[in-house]
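Working through the structure, step by step
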Amino acid sequence: MAAGGRASEPLAELSHYVVARPIYSEPGFQEENERRPPLPPTLRERAQAACRCSRKRAFQIAKSFLPILEWLPNYRVKEWLISDIISGLSTGLVATLQGPFPVVSLMVGSVVLSMAPDENFLIEGSNATGTNVTGALIDTESRDAQRVLIASTLTFLVGILQVIFGVLQIGFIVRYLADPLVGGFTTAAAFQVLVSQLKIVLNVSTKNYNGVLSIIYTLVETFEKIGTTNIADLTAGLLTIFVCMVVKEINDRFKHKIPIPIPIEVIVTIVATGISYAADLEKKYNAGIVKSIPRGFLPPEPPNVSLFSQMIAASFSIAIVAYAIAVSVGKVYATKYDYAIDGNQEFIAFGFSNIFSGAFSCFVATTALSRTAVQESTGGKTQVAGIISAGIVLISIVALGKLLEPLQKSVLAAVVIANLKGMFMQVFDVPRLWRQNKVDAMIWVFTCIASIILGLDLGLLAGLLFGLLTVVLRVQFPSWGGFGNIPGTDIYKKVKDYKNVIEPEGVKILKFSSPIFYANIDGLKSSLKSTVGFDAVKVYNKRLKALRKIQKLIKKGKLKATKNGIISEPGINNEAFETDEEPEDNQDPQVPTKEVEIQVDWNSELPVKVNIPKVPIHSLILDFGAVTFLDIVAVRSIKTIIKEFERIDVRVYFASYQDNLISQLERGAFFDDTVRKDIFFLTVHDAVLYIRNQMTYSDNQDPIFEKISLMQESKEPIEFTEASQPDDELDVQEEAMRRLAS
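First, a word on what this report is: a plain description of the structure on this page. Computed from a predicted structure; not experimentally measured. (Residues numbered from 1 in each chain as written. Predicted model: local features only at pLDDT ≥ 70, side-chain atom pairs only at ≥ 80, totals over all residues. Heavy atoms only, no water.)

Focus on the overall build of the chain
Counted only if it meets this: Strands here mean DSSP runs of E at least two residues long; helices mean DSSP runs of H or I at least four residues long; both are numbered from the N terminus. Accessible area is worked out with a 1.4 Å probe on protein chains only. A residue is then buried under 20% of its type maximum, exposed over 50%, and partly exposed in between. Contacts were defined at the residue level, with two residues in contact if any of their heavy atoms lie within 4.5 Å. Only the protein chains shown count as covering a residue, and every accessible area follows the Shrake-Rupley method with a 1.4 Å probe.
Along its length, the chain carries 28 helices and 12 strands. The buried share of the chain, reckoned over its 742 residues, is 41%. At a minimum sequence separation of 6, the contacts of the chain that also span at least 24 residues come to 79%. Within the structure as shown, the chain displays about 41600 Å² of accessible surface, and the carbon and sulfur contribution to it stands at 59%.

Here it is, written out as structure tokens:
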């Protein structure tokens, strides 16, 4: 116990601290601490830094272009090799027997069809090799050759654009793909894959829809034709889904006891191929099988550069969409396995891949969600799994494709569906997001729904714009509030959030939690009015109205200006109490003829009926601790705000600002003879203590009288009179006038 008591003593001493220091304004702090202005590097220095090359820098650049130099030396052969082999085999089989990712393939297909329609290949007579939907004779060989050339040229151009984007560091756009956006998008992509595989499991043929509502149209047509479902394919598909999901659950639950995950996808593929071949399912039950797998490669062919001008716009959008899809899927697994994605590296990698493959009549490369899910769920750890998968595809194309031709397509579709479980589990993130941040939950739901309805390309764009809109709205309508002091501390908290918070007497403190720029400057003005409880401009205008009325009554002889205030002439009915609805005299002399010092307490009853809002404060502190930048509109508006409050005797101070704001204010010509740096304080508490000292000092001095400029048509000076009557002889009205003395 003694030891425990001694151990707690230092903690008790550290639970409080006392700091003694001066009250720091901006000029005082800079003078005492000798601020060093930042020196921006010259153009020569920047060029030297960019062109400087060392062995370490060269290796870093090489690793950015060749990531294999980063992960291969650290490869754990004993831990990862078996898993990568199993994953590579499973993914390779799926990749061999299924087509490209539907979104990009549809975008490429639309370009190809628009540039090489059937109408361009119509022929007559016996030279025709096929017909179109209208029965017209067409040269399919020439048509297909032209379409392949267009597709490969498009792939080549997309690769060039992606390399350019990577070199220009355009990969920063990956930062705008927030996790909620990626989650909603990949879930919608999984739904699209599910719909595309469902019709294969049912062996139902549908049209190839593209664009808005394409997923919905496909789903509707699938269920309209569900009566034509092939029972053999449906049975094989359902059994495959059941077996794969059960074995995957076993692999997941007993992964610490099973040294090697069960390669269920490979096993199912081999068994299903054998059963289909032995039972001859195609002839007996009309089952849909792979049938034929093309062998070998087409010879390399240079792209048709003359077509670039016709496809540049489409290639730009395809390059961005293909990249965004790949990065979106990648970010899901990057979050799951705790690694980072280099957006520029991805651009360059996809670019060179497309440039190379474009010479071999290939489609645009991007991430295929189905194969990615298969590789991850089968235990793939590194790019070795991808290399093995590519090797399987290569071997299948060259030699083994014939052996897989009897395999039912529904089995492959079922393997893909079973591996989508992880993507669909993201739906359960929505309730958690809603509890943590409702805006993020809305981004997730909006992106998912938009991607399903509009298609993945437009849906991703809509989700990105919606996410940016929420940022704009949060900046345009930020949080703000009046702050007060925790007694006995230098801590300031929102008045409405804490019971023990006390506002300093005569002081209002406003914290505005956002950069201030043209879009939210009106929000700052509105929050100011709500915090102080009045409109400074209206107060000033009301006071001017009262002064004009007093001026007219003085000229009429109904009021006298004295050193003690404004009083009525004895024995004269005081007509100074005029209604507020009296029309004002808009004539305002431009040049004042005389200044008269008069004591005016604007918070007391005035001899004119003008409803002037009370101003219960003498100081306003703006806490700019959360303000990161100001634009020129904000600088001008804040200077105007200072002048508006100064006119009604409310001093404005700034606190907790960041150093860069002072530089921005200086560049915006904010400071002058009336607005100086001494109204800026390091903390809110510094400003409060300074104001308190100033008020204490002013209370010990003679009152500061407000100077009111009375405009007179006559240039004769106003006569100052002393009230000679004793106090007990003054009537009630005169006594009320004298109470105007501050």
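Don't stop here, the text continues.
Structural notes on the sheet that holds strand E9 (residues 619–623)
As a reminder of what qualifies: Two strands qualify as a pair provided that DSSP identifies no fewer than 2 bridges between them.
Across the sheet, which stays open at both edges, the six strands sit in the order E4-E3-E5-E9-E10-E11 with mixed pairing between neighbours. Looking along the sheet, the strands with just one partner apiece sit at the ends: strand E4 (492–494) and strand E11 (680–681). Pairing between strand E10 (residues 651–655) and E11: two bridges, direction parallel. Pairing of Ala655 across the sheet is with Phe681, part of E11.

Observations regarding the pairing of E10
It is a general feature of regular strands that their side chains alternate between the two faces of the sheet. What counts here: When the strands point away from the viewer and the path from the first strand over the helix to the second turns clockwise, the crossover is right-handed.
Among the five residues in E10, four count as buried, and that is most of the element. As judged from the five bridges shared by E9 and E10, these two strands associate in the parallel manner. Bridged to Leu620 within E10 is Val652. At this point the chain moves from E9, through helix H25 (residues 632–646), to the parallel E10, and the crossover so formed is right-handed. In terms of handedness, the path from E10 via helix H26 (residues 659–667) over to E11 forms a crossover that is right-handed.

Observations concerning the nonpolar core
To keep it simple, the criterion reads: Only buried Ala, Val, Leu, Ile, Met, Phe, Trp, Tyr and Cys residues count toward a nonpolar core, and they belong to the same one when joined by side-chain atoms within 4.5 Å.
Counting residues in hydrophobic clusters, the biggest one holds 69 residues, and the most contacted among them are Val108 and Ile318. No other element matches helix H14 (residues 308–337), which puts 13 residues into this core. Apart from the residues lying within four places of it in its own chain, the contact partners of Val108 are Ala151, Leu154, Ile318, Phe363 and Val364. Among the nonpolar cores identified, the runner-up in size contains 47 residues, and Phe534, Ile617, Val652 and Phe654 belong to it.

Things to note about the packing of H14 against helix H16 (residues 369–377)
Stated formally: Here an axis means a line fitted to C-alpha atoms, over the contact stretch when the element is a helix, while the angle between two N-to-C directions is reported on a 0 to 180 degree scale. Each angle is binned into one of four classes, with values under 35 degrees roughly parallel, values over 145 roughly antiparallel, values of 65 to 115 roughly perpendicular, and all other values oblique. For a crossing to be left-handed, the near helix must be turned anticlockwise from the far one by less than a right angle; the clockwise case is right-handed. Gly falls in the polar group here, along with every residue not listed as nonpolar (Ala, Val, Leu, Ile, Met, Phe, Trp, Tyr, Cys, Pro) or charged (Asp, Glu, Lys, Arg).
H16 packs onto H14 with a crossing angle of 20° between their chain directions and a minimal axis gap of 11 Å. It follows from the interaxial angle that H14 and H16 lie roughly parallel. Judged by the twist between their axes, the crossing of H14 over H16 is right-handed. Counted together, Val329, Tyr333, Lys336 and Tyr337 of H14 and Leu369, Thr372, Ala373 and Glu376 of H16 form the full contact between these two elements. Among the residues forming the contact of H14 with H16, the class breakdown is five nonpolar, one polar and two charged.

Here we look at helix H10 (residues 214–224)
Since one α-helical turn is 3.6 residues long, residues separated by three or four positions face the same way. Quick note on the threshold: The directions from the helix axis to the C-beta atoms are what the arc is built from.
Within H10 the residues assigned to the buried category are Ser214, Ile215, Thr218, Glu221 and Thr222. One face of H10 carries all of its buried residues, which in axial projection span an arc of 135°. Its buried side turned inward, H10 meets helix H9 (179–202) and helix H21 (438–454).

Remarks on unusual backbone geometry
Look at Asn286: it is not a glycine, yet its phi comes out positive at around 55°. We classify Asn286 as exposed; its relative accessible area is 58%.

Quick word on the pattern of salt bridges
Which entries qualify depends on this criterion: Only one rule defines a salt bridge in this text: a Lys or Arg side-chain nitrogen within 4 Å of an Asp or Glu carboxyl oxygen.
Under the defined criterion, the tally for this structure stands at 14 salt bridges. A salt bridge links Glu249 to Lys421; the shortest N-O distance between them is 3.3 Å. With a gap of 172 residues between them, Glu249 in helix H11 (residues 231–253) and Lys421 in helix H19 (residues 421–424) connect regions that are remote in the sequence. For Glu249, a relative accessible area of 29% translates into the label partly exposed. In this structure Lys421 comes out as partly exposed when scored by relative accessible area, which is 38%.

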